[in-house]
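Commentary on secondary and tertiary structure
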Amino acid sequence: MKVLKFGGTSVGSAKGILNLRSIVEGQKAPTVVVVSALGGVTDLLITTARAAAEGDESYKSHFETIVKRHHDIIGEVISTGREELRAEIDCLLAELSSIYQGVYLIRDLSPKTQAAIVSYGERLSSRIVSRLIAGSVLHDSRSFIKTERKHGRSLLDSELTRRLVLEEFTPGKLNGSIHVVPGFISSDKHSGEVTNLGRGGSDYTASIIAACLDAEALEIWTDVDGFMTADPRVIPTAYTINTLSYVEAMELCNFGAKVIYPPTIYPVCVKNIPILVKNTFNPEAKGTVIRNKIEDDRKPIKGISSISGTALITVTGLSMVGVIGVNRRIFTALAENGISVFMVSQASSENSTSIGVRDQDAEEAINVLNREFAKEIEEGAMYPMHAESGLATVAIVGENMKHTPGIAGKLFGTLGRSGISVIACAQGASETNISFVVPGNFLRKSLNVIHDSFFLSEYKELNLFICGIGTVGGMLIEQIRSQQEKLRQTHRLKLNVVGIASSRHAIFDRAGIDLTAYRDLLEKSPESDIERLREEIVGMNIFNSVFVDCTASSDVAELYQTLLEHNISVVAANKAAASSRYDTYRRLKDTALSRGVKFLFETNVGAGLPIIGTINDLISSGDRILKIEAVLSGTLNFIFNAISAETPFSETVRLAKELGYSEPDPRIDLSGHDVVRKLVILTREGGYKAEQSEVEKHLFIPEDMFKGSLEDFWKRLPKLDADFEARRKVLESEGKRWRFVARMEMGRMSVGLEAVDSRHPFYGLEGSNNIVLLTTERYREYPMLIQGYGAGAEVTAAGVFANIMSTVNN
């Protein structure tokens, strides 16, 4: 036989109750069905009682809501015998109304009266369910679930209850029938007064009956598919855990997983009866099986649970060291005042003990402990208690942790790299649970980063903030959009763009932005600025996040330091930061290193060419950069390749702008300033301290061309054509070509226009390509050569994309 328990959500709607009937009627074995009150009714019963006790006549309207709720359900699900059932229900409701009226008149709500009131929730729902299931037998759990008063609480009398359950459900009565039992409610073994098993007591009722009857299984039917790896409201990628051990399930329940009531597990665990957690609204789902032994279980961590609203109280003092009985006094004093402690962390020096309690219990706990240790505090042997509130407690659970070395190290390393400080931690010798306390505003981030790091998620997730939607930024977004599904399938990687900003607008969405409609969304969004960008990104506090800068803005670059300090990786196509003052560049690099995040800017030089990465690899492997010779401006290389007798210098400059090779203001390229910045970046990455002011500049157009407006520049530019053509003819006759070359040798830097002959590696450089020669201690005689496209939105965006992908393994 089986015991099936249906919770409040399962009986709280017509759909739920009708699904219940289908599930129960599909059972082949004799079945005991335990039901909770209709969803929300228990809370409503208590609210009504409290209003009546306070003399508030609103209790009458609350009561009418209770009446209507049950009448509506009957009207929706009962077709045969509806009026007869309604009469039974109204009889019970009349009793309840009389109790409320009495409470209202005497303005008093005793525990005894409240227990009687809340019992009506299950008594009403069980009658409705029993009438709905043809041929079922209704039982009154007050006659066989017995409690006794101990320490001010009603506790189960296990032996008496077992005997009465066996009498109630004899084999003859069970044969081939369905038995409906109201959960939660019980009665005192001496007085017969109505009592209850506390919150979640319907689960407990079902477990008690299953254990007493040696049931084949206990099924808990609720509104979720089973135990999840984490709270799906916080982690959308959380999924159902197929199997759990009793110990794992208990640990998850104790730390906030509200799938089943923790005491439920004990009675069936003793009898080795499996628990199956299923979804009333999705009965085809496999659910979660909880049993003693799990076969082929290799995962070290099964799930993550958490408790928000945590306060940490620290008891500290020199008199605690080596003194026996201090902890006994702490926990006895708290227990006697009804304060529950769910986590304890003690230093090995014994001079402090930290205990985790609910925020709402913190003030009372401090008062209790200050009274308990008043003498020691007065003598200075102990310090007054203090509490840190607004925290959250997280627990990772899995029995296989004890067989897997390094779990704790990986856990705290993961949290540290994400900028999450652990305030306190605790782990028992059984190694099934590692608990730790973090600031409350870091709870979501903690859960996500742990879930992702320990491969509990189906997909690894990377959250991107993209700033700049011009040619490079727009192309990058399109590349990401086209690759998202492929990366999901082949790399199990979910690229989630959670923020996009243009020069005037910004949109943010933790769940991810629709990349097919982001421009429309931006246009409809309110105006934004740098400060809002900073506040939104830092405030979102999202895990595995990367800020991608596709602008040329110095203001945007000034955000990097703050972002890195908040453990957000930075990928920059923007050269402003890496070419700024050396102290700024060094601080950004050092911050990224200390925070365990990435600061990447490969596309600052050579677009998508692997120049910076190669230099980094050479140095990391023990090599030394001695000399760099390079053509780093795709724009200038295009101009000097395109110049001819038919195409004068001014026309090649205009053509470079039209094709998107140059900046909107070509003077930036012609001044060599962009090449200077690139050379400084390469020199720094090569291991030298360098500033832009230290670069020797040999320009090829007059200084006055850079003065005035852009319109003036275009008007004056053709005046240079004759001189360039004359010089070009001389070069052509000598078999040479112009190249704007950047050089660094042992830290000394220069840029300038040079003529190279056909024997030089730079001679055959085509179009807008870039080329770099690296002379190192290992590559002295034959320098390493890197060559390819050095400009263009598509290759630059691809290089940015490659940098983004390299942060995944971080």
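Scroll up to find the structure.
Quick look at unusual backbone geometry now. The phi angle at Arg107 is positive, at roughly 55°, despite the residue not being glycine. Along the chain, Arg107 turns up in the loop between helix H4 (82-106) and helix H5 (111-132). The phi angle at Asn544 is positive, at roughly 45°, despite the residue not being glycine.

Let's shift gears to the packing of aromatic side chains. Summed over the entire model, instances satisfying the criterion amount to 18 aromatic pairs. Ring centres 6.4 Å apart and planes at 55° place the aromatic pair Tyr59 and Tyr100 in the tilted group. Placement of the pair is Tyr59 in helix H3 (residues 58-77) and Tyr100 in helix H4, with a sequence separation of 41 residues. Residue classification places Tyr59 among the buried positions, given a relative accessible area of 7%.

What follows is about the sheet that holds strand S30 (residues 784-789). Spatial ordering of the open sheet is given by S26-S28-S27-S25-S29-S30, a layout of 6 strands whose pairing is mixed. The sheet terminates laterally at strand S26 (696-698) and S30, the two strands that pair on one side only. Each strand axis lies, on average, 20° off the axis of its neighbour in the sheet, ignoring direction. In this sheet, strand S29 (residues 769-776) lies alongside strand S25 (residues 625-631) in antiparallel orientation, the contact comprising 6 bridges. When the bridges of S29 are listed, Glu629 appears paired with Leu773. The sheet contacts of helix H26 (residues 673-685) involve S25, S26, strand S27 (736-745) and strand S28 (748-757), and relative to S28 the element is tilted by about 120°.

With that out of the way, let us pick up the environment of Lys60. When you line up the elements, Lys60 lands in helix H3. According to the relative accessible area criterion, Lys60 is partly exposed, its value standing at 42%.

Quick look at the side chain of Thr288 now. Within the secondary structure layout, Thr288 lies in strand S12 (residues 288-291). Among the polar contacts made by the side chain of Thr288, one reaches the main-chain carbonyl oxygen of Ile241 at a distance of 2.6 Å. Once you skip the residues sitting within four places of it in the chain, Thr288 turns out to touch Asp225, Gly226, Phe227, Thr240, Ile241, Asn242, Leu244, Ile275, Leu276 and Val277.

What follows concerns the nonpolar core. The biggest cluster of nonpolar side chains holds 101 residues, and the ones touching the most others in it are Ile450, Phe547 and Phe649. In terms of residue count, the dominant contributor to this core is H26 (6 residues). When near neighbours in sequence (up to four residues on either side) are disregarded, Ile450 contacts Ile304, Val394, Ile396, Leu411, Leu415 and Phe436. Grouped together as the second largest cluster of nonpolar side chains are 51 residues, Val3, Phe169, Leu213 and Ala249 included.

Moving on to helix H14 (residues 407-417). The complete set of buried residues in H14 reads Ile407, Leu411, Thr414 and Leu415. Each buried residue of H14 sits inside an arc of 95° when the element is viewed along its axis, so together they form one side. Where H14 is buried, its residues touch strand S16 (386-397), strand S18 (433-439) and helix H15 (443-453). Backbone geometry just downstream of H14 places Gly419 in the positive-phi region, at approximately 75°.

Our next topic: the side chain of Arg123. Within the secondary structure layout, Arg123 lies in helix H5. Here Arg123 falls in the buried class, since its relative accessible area comes to 11%. Residues contacting Arg123, with those up to four places away along its chain left out, are Leu92, Glu95, Arg142, Pro182 and Ile185.

The next subject is the sheet that holds strand S14 (residues 343-346). In space, the 6 strands of this open sheet follow the order S14-S15-S13-S16-S18-S17, with antiparallel pairing throughout. The sheet terminates laterally at S14 and strand S17 (424-427), the two strands that pair on one side only. Between one strand and the next, the sheet's axes are offset by a mean angle of 30°, whatever the strand orientation. Taken together, the 10 bridges between strand S13 (residues 303-316) and S16 define a ladder with antiparallel strand orientation. Considered in S16, the bridge of Thr314 is made with His386. Packed on one face of the sheet, H15 meets S13, S16 and S18 and runs near 125° to S13.

To continue, consider the packing of helix H2 (residues 41-53) against H3. Relative orientation of the contacting elements H2 and H3 amounts to 155°, with a least axis distance of 8 Å. As far as their axial angle goes, H3 and H2 are roughly antiparallel. When you trace H2 past H3, the crossing you get is left-handed. Residues Val41, Leu44, Leu45, Thr47, Thr48, Ala51 and Ala52 of H2 lie in contact with H3, whose contacting residues are Ser58, Tyr59, His62, Phe63, Thr65, Ile66, Arg69 and His70. In terms of residue class, the contact of H2 with H3 is built from 8 nonpolar, 6 polar and 1 charged.

Parameters and conventions
Residues numbered from 1 in each chain as written. Predicted model: local features only at pLDDT ≥ 70, side-chain atom pairs only at ≥ 80, totals over all residues. Heavy atoms only, no water. Helix = DSSP H or I, 4+ residues; strand = E, 2+ residues; numbered from the N terminus. Phe/Tyr/Trp six-rings, centres within 6.5 Å; stacked < 30°, edge-to-face > 60°. Buried < 20%, exposed > 50% of the residue type's maximum accessible area, 1.4 Å probe, protein only. Pairing = 2+ DSSP bridges. Axes fitted to C-alpha atoms, helices over the stretch in contact; angles between N-to-C directions. Contact = heavy atoms within 4.5 Å. Polar contact = N/O pair within 3.5 Å; in protein donor to acceptor, adjacent residues only side chain to side chain. Core = buried A, V, L, I, M, F, W, Y, C linked by side-chain atoms within 4.5 Å. Arc of directions from axis to C-beta. Parallel < 35°, antiparallel > 145°, perpendicular 65-115°, else oblique. Left-handed = near helix turned anticlockwise from the far one by under 90°. Nonpolar A, V, L, I, M, F, W, Y, C, P; charged D, E, K, R; others polar.

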